[in-house]
Amino acid sequence: MKKYNSLLIAASVTIALGGCVSTNTKNETTAVSASNTIVESVTPQTNLASASAASKNGEITLKQIMSDPQWIGALPTNMGWSVDGSAIVFERERENSALSDVYVIDSNNVGKESKAPLADMHTYRYDERVERGDGVVAFRFKDSVYVQFTNGKTVQLTRGGNPLSTLSFMTDGRLMATSGNKFIAINLENGTREELVSWVFDDAPTAVNPAKDYIAEEQQSLIEYIKLQRQNQKDRDAANKQLASVNTAVAPSPFYFDKSHRLAGISVSPAGNYAVVATTESKPTRDDSDIMPHYIQEDSRIAAKPVRQRVADAEPESHDLWLLNLKTGEKSELNYFNLPGYNDDVLADVKAENAKANGETYEVNRLPRPIKLFQSWYWTKPSIRWHKNGNAVAVMLEAWDNKDRWITTVDLEDITLDSQHRLHDDAWVNYRFNDFGWLNNSETLYYQSEHTGYAHVYLQKPGKNPVALTKGNYIVDDITLSNDDNYIYYKANSEHPGIYEIYRVDTQTKAIETLTNLNGITDYSLSPDGDTLLLSHSKVNRPPELYVKPAEATTVAKQITSSLSEEFASLPWAVPNVVAIESSHTDAPIYARVYLPEGYDSTKKNKAVVFNHGAGYLQNAHMGWSGYFREYMFHSMLVQQGYVVLDMDYRASAGYGRDWRTAIYRQMGTPEVQDLRDGINYLVENANVDRERIGTYGGSYGGFLTFMSMFTAPDLFAAGAALRPVTDWAHYNTPYTSNILNTPDVDPIAYERSSPIYFAEGLEKPLLINAPMVDDNVFFHDTVRLVQRLIELEKEDFETAIYPVEPHGFVQPSSWLDEYRRIYKLFEENL
C-alpha cells in the first residue's frame, strides 16, 4: 500500500523478548558475569529470554512498574574520570535512599568496582578541571581548589574563604581564577597572587566633584580655603595614580560600569593583557505576582513559592560588549554594526500579518536588534573563548528574537567585532548544537552549525571559508577535541535515525572512523589522556550500562557494569519495531515505535493506544532506553493485554534535522496532529487496528498534543489523557516558547493558533486531565483556566485529577500509580 510498508512487515511477525529490532542486524554486545570477568558476545536477547522463562508468571502490573524505580536495579549514572584519569567514576543510587554513592573502577582492572572513599572524594568528583601544557592539573571541589603536580603530589590551594572558580592556565604558567568581582593569577611555584582585573557597577570616583548647583559654584570660586582643599585632593589622587602606574605593590584600579547594569559575562586573556566583558541592564526576571501556592506544608499553612516569568511578560534583553585593556586601563565598547543582519527587521512579515488582522499596516523597522551573548539550557561552556596563546578571542552572540547566531572574533587593535559565521533561521536557531572553540595549536575555530539542515562540525580560520568535517542527513552532537588537535570525537545517528554511535573525524584528512557498533543509544566520555573511551550504552529494553574501549576503531567495547535486578530481567518486556511511516504532508517519513500484542493475530481487530512524548523537541522512537521508562513499561503491560501501542516522533521531534524541528513554527499542534492521523491510518491498514477503539495520552508537550488532537480532530481518538499539560502558551516560559511562537506582543496570531484553550469547544470524547499542583514548569494555573473554560462551554465528559505534592516530574510512587490507574481505567472503559 505505502512506500514504507516493508519495514513493518519485515519486523513485525513476532515480538522478541530482548534486543533491538531494527533494519540493522548487528547486535553483538558484551556483559559482565557475576564473577566480574569480561564475557564477550553475550546478547541481551539470551539473558532476557532465559530470565523470562524462569519467572513465576511473567505478569507486568501497574503496582510494580510505578513503584520506586530502584527495583529495576542500581543503574550507573554520571560517568566520568578521576582527576588523574586513572579511574573510571560513576554513581549508583543508594538503596532505599534518594542519595547516590560514587563508585570507581581502576582503568587497568576494569572487572572490579568499589565505593570511592569520602576522604578522597575530591580526587574522583570535581566541579572544574584544567590542565597545563606540562601536565600540571588544577581542579575545584566544593569549597576548595587543588593542584596536582606531575610528580603525583596534590596540594590544597584553598579551603573556604572567598571561593575561586572559572579556573584556567595563563601563558606564563600561572593559574587564573575569579574571586568575587575580580580575576586573580596565582604562581603555583611560590604561591604569590596578583589581581589582574576587577569591576564595579557604580559611578567612577573622582578626586573632586563638580559644582552641583549655583551656590556651590559660587562657593568654590569665592572661598580660597575651598580652592586649596580641592587642589590638595587632586594632587593626592594624581600621586596615587602615578604610584600605581609604576609600582606593583598597588592593585590596578577597577573598571567602572553603569550602576544600573549587571555582569552578563567576562573572560580574561591567558596572556593577562585583555578582557572581554558583557553587561546588561539589571532588572527583575519575575514579578512579585509570579508565585505558586504549595498547600502541603509542615505547619499546615499555604506557602507562596516564587516561580518564573511568563513569556507574555518577557522584555527584550541586550548585552553591551566591552574590550578592556588591562595594561592601559582603557575600556572600549564593541558595537554590533559589523554583524550581518544586525538591524534586519526579521519579523516584518509576522508583524505585518498581525497588524493586518487588526486593520492596521506595518512599516519596516531597521533599528538595531537586541543582541546578547549566546545562552541556552544546553550550553554550559562560556560564550567568550580565548585561544590558549592569549592572542585571539571568539565570541558567540545571538539575537534576542532567536533568528540569528553569530560567531565573531575581536580585532584587538581596531577594537571591532569581525563576523566569522552567521547562522540565520527564518524560524529559530536551535538551542542545541552550538559548541565552538579554538584548536589547541593553531588559531583555527571549530564549531557546530545547522545551516545545511543538519548539525555538523566545521573548521574555519578567521577570514577564510569554513571547512565541513562532517556532512549528510544525520545529527552530529557532543563533540570533543583531542589534545593534539588530530581528531574531533562525536556522537551521531548516521547509521539510522534511532541509532547513536561514537565516531571521530581526522581534522586534516576529514576521514571518519566508527568507534562503536553497539546498535542502540551510546554516549561517551574521553579520558583525559585521550586514549580511552568510557561508554554508556542502552537498548530499547535494557537500561544503560557502562562499557570501555581504547579510542581506536578496531577494538571491541567491553561491558564493565551489570546492574539489572533479577526481578526486572525476569519480566517479558516488549520490544517495539521502529518503523518509518509515510507522511501525507512531507517527503520525509515519520519514525515511530510500534508495539504489537503478544500472540499478534493479523485477522483480529485490535484496540490501540497512541503515546505522545513530551518536550516537543525530543526523540523517543529510537533503539535505546527511553527517559520515559515508566511509559515504556506501561506499554509492555498494554501489549500483554492485547493492545497495539504507537509512539511517534511527530514533526518537531529531535534527531531528524532542521526542517523537521521547525515545521511547528507559529503553528504548534497542527503538523503534529497531522502526523498522528498518518500514524492512525498506518495502524488501521497494517496492524488491523479498529479505528473506533484508539486512545491517546501524554505529558507536558504530550499533554498539549492530547488536547490539540481531542479538540481539533475529535474523530481521531475515542478517549485521551493529558498529563501536566500546557493549555495556553502565553503562560509558558520565554526561552522555549519565544523560539517557536515569537512573543505574544509581537505575534498573538501564533499563540491563538497554537493554544488548546482556544479550541476547547471541539471536545467530544472522554478526557482525563491529570495536573500536579506544585509544577513550576507548566503551572497548575494552566489546568485551572482550561477547566473553567470547559465548564463554561458546558462540556460533560471530562475529569480532572490533582496531585497536591507533585512537581512537573512526579516523585512519589503513589502519585505515579494513581495517575496510571486512571489512564488505564480510561482506556479500559472506552476502548
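Structure: see above.
Residues numbered from 1 in each chain as written. Predicted model: local features only at pLDDT ≥ 70, side-chain atom pairs only at ≥ 80, totals over all residues. Heavy atoms only, no water.

Considering the overall build of the protein
So, step 1. Each helix and strand in the protein was counted, giving 15 helices and 46 strands.
So, step 2. For 831 residues, the compact-globule estimate of 2.2 N^0.38 gives 28 Å, and the protein sits close to it at 30 Å.
So, step 3. Over its C-alpha atoms, taken along the principal directions, the protein stretches across nearly 105 × 70 × 60 Å.
So, step 4. Within the span of the protein, comprising 831 residues, buried residues form 55% of the whole.
So, step 5. Summarising the internal contacts of the protein: among those between residues at least 6 apart in sequence, 60% fall at separations of at least 24.
So, step 6. When the accessible area of the protein is evaluated, it comes to approximately 36800 Å², of which 47% is carbon and sulfur surface.
So, step 7. Looking at the protein, you have 78 positive and 109 negative side-chain charges, and the mean spots of the two groups are 2 Å apart. (Helix = DSSP H or I, 4+ residues; strand = E, 2+ residues; numbered from the N terminus. Rg over C-alpha atoms; globule rule 2.2 N^0.38 Å. Buried < 20%, exposed > 50% of the residue type's maximum accessible area, 1.4 Å probe, protein only. Contact = heavy atoms within 4.5 Å. Areas by Shrake-Rupley, 256 points an atom, 1.4 Å probe, with all protein chains shown as cover. Lys, Arg positive; Asp, Glu negative; His and termini not counted. Charge placed at Lys NZ, Arg CZ, Asp CG, Glu CD.)

Some points on the packing of helix H10 (residues 670-686) against helix H11 (residues 701-712)
So, step 1. The N-to-C vectors of H10 and H11 enclose an angle of 75°; their axes lie 10 Å apart at closest approach. The angle between the axes of H10 and H11 places the two elements in the roughly perpendicular class. Residue-level inspection shows Glu 672, Val 673 and Leu 676 of H10 in contact with H11, the latter providing Tyr 701, Phe 704, Leu 705, Met 708, Ser 709 and Thr 712. (Axes fitted to C-alpha atoms, helices over the stretch in contact; angles between N-to-C directions. Parallel < 35°, antiparallel > 145°, perpendicular 65-115°, else oblique.)

What about unusual backbone geometry?
So, step 1. In this structure, Asn 78 takes a positive phi of about 50° despite not being glycine.
So, step 2. The residue Asn 78 is located in strand S3 (residues 77-81) in this model.

Focus on the sheet that holds strand S20 (residues 319-325)
So, step 1. On the basis of which strands lie adjacent, the open sheet formed by four strands has the order S16-S17-S20-S21 and antiparallel pairing. A single partner strand is all that each edge strand has here, and the edge strands are strand S16 (261-268) and strand S21 (331-334). Pairs of neighbouring strands in the sheet enclose a mean axial angle of 30°, with direction left out of account.
So, step 2. Relative to S21, S20 runs antiparallel, the two being bridged by four bridges. The residue of S21 that forms the bridge with Leu 324 is Lys 331. (Pairing = 2+ DSSP bridges.)

Overview of the packing of helix H4 (residues 214-222) against helix H5 (residues 224-246)
So, step 1. Closest axis-to-axis distance for the H4/H5 pair is 5 Å, and the angle between their directions is 90°. As judged from the angle between their axes, H4 and H5 are roughly perpendicular. For the pair H4 and H5, the contacting residues are Gln 219, Gln 220, Ser 221 and Leu 222 in the first and Glu 224, Ile 226, Lys 227 and Arg 230 in the second.
So, step 2. In the contact of H4 with H5, the residues fall into two nonpolar, three polar and three charged. (Nonpolar A, V, L, I, M, F, W, Y, C, P; charged D, E, K, R; others polar.)

Focus on empty space enclosed by the protein
So, step 1. Under the definition given, this model contains three cavities of 30 Å³ or more.
So, step 2. Estimates place the volume of the largest cavity at around 50 Å³.
So, step 3. Lining of the largest cavity is provided by Leu 423, Asp 425, Trp 428, Val 429, Asn 430, Arg 432, Phe 433, Asn 434, Ser 449, Glu 450 and Arg 661.
So, step 4. Of the residues in the lining of the largest cavity, the class split is four nonpolar, three polar and four charged. (1 Å grid on protein atoms, 1.4 Å probe; cavity = no way out; pocket = protein on both sides within 12 Å on 5 of 7 lines; lining within 4 Å. Points joined across faces, edges and corners; volume = space filled by probe spheres on them.)

Section: the layout of surface pockets
So, step 1. When its volume is computed, the second largest pocket comes out at roughly 1100 Å³.
So, step 2. Around the second largest pocket, the lining is made up of 34 residues, and of these Ala 244, Ala 251, Pro 252, Ser 253 and Leu 326 lie nearest the centre.
So, step 3. Among the secondary structure elements, those contributing two or more residues to the lining of the second largest pocket are strand S14 (193-201), H5 and strand S15 (255-257).
So, step 4. For the lining of the second largest pocket, the per-class residue count stands at 16 nonpolar, 10 polar and eight charged.

Describing the pairing of strand S43 (residues 689-699)
So, step 1. As judged from the six bridges shared by strand S41 (residues 606-612) and S43, these two strands associate in the parallel manner. For Asn 606, the partnering residue across the bridge sits in S43 and is Val 689.
So, step 2. As defined by bridge partners, S43 adjoins strand S44 (residues 719-723) across five bridges and the pair is classed as parallel. Within S44, the position partnered with Gly 699 by the bridge is Leu 723.
So, step 3. On the question of chirality, the crossover connecting S43 to the parallel S44 by way of H11 is right-handed. (Right-handed = clockwise from strand over helix to strand, strands pointing away.)

Considerations on the packing of aromatic side chains
So, step 1. Counting across every chain of the model gives 40 aromatic pairs.
So, step 2. Aromatic pair Phe 139 and Tyr 146: ring centres 5.2 Å apart, planes at 10°, arrangement stacked.
So, step 3. Looking at Phe 139, the relative accessible area reads 1%, which means it is buried.
So, step 4. A centroid spacing of 5.7 Å and a plane angle of 10° characterise the contact between Tyr 591 and Tyr 656, whose relative ring orientation is stacked. Here the residue Tyr 591 occupies a position in strand S40 (residues 590-595), and Tyr 656 occupies one in the loop between strand S42 (643-648) and helix H9 (658-662), the gap between them amounting to 65 residues.
So, step 5. What makes Tyr 591 buried here is its relative accessible area of 17%.
So, step 6. We classify Tyr 656 as buried; its relative accessible area is 12%.
So, step 7. Three or more aromatic residues joined by ring pairs make a cluster, and in this case those are Phe 611, Tyr 628, Phe 634, Tyr 697, Tyr 803, Phe 810, Trp 816, Tyr 820 and Phe 827. (Phe/Tyr/Trp six-rings, centres within 6.5 Å; stacked < 30°, edge-to-face > 60°.)

Considerations on the pattern of salt bridges
So, step 1. Using the criterion set out here, one finds 41 salt bridges in the structure.
So, step 2. Between Arg 310 and Asp 290 there is a salt bridge; the shortest N-O distance is 3.4 Å. Here Asp 290 lies in the loop between strand S17 (274-281) and strand S18 (291-294) and Arg 310 lies in the loop between strand S19 (303-306) and S20, a separation of 20 residues in the sequence.
So, step 3. Here Arg 310 falls in the buried class, since its relative accessible area comes to 14%.
So, step 4. Asp 290 sits in the buried class, given a relative accessible area of 2%. (Salt bridge = Lys/Arg side-chain N within 4 Å of Asp/Glu carboxyl O.)

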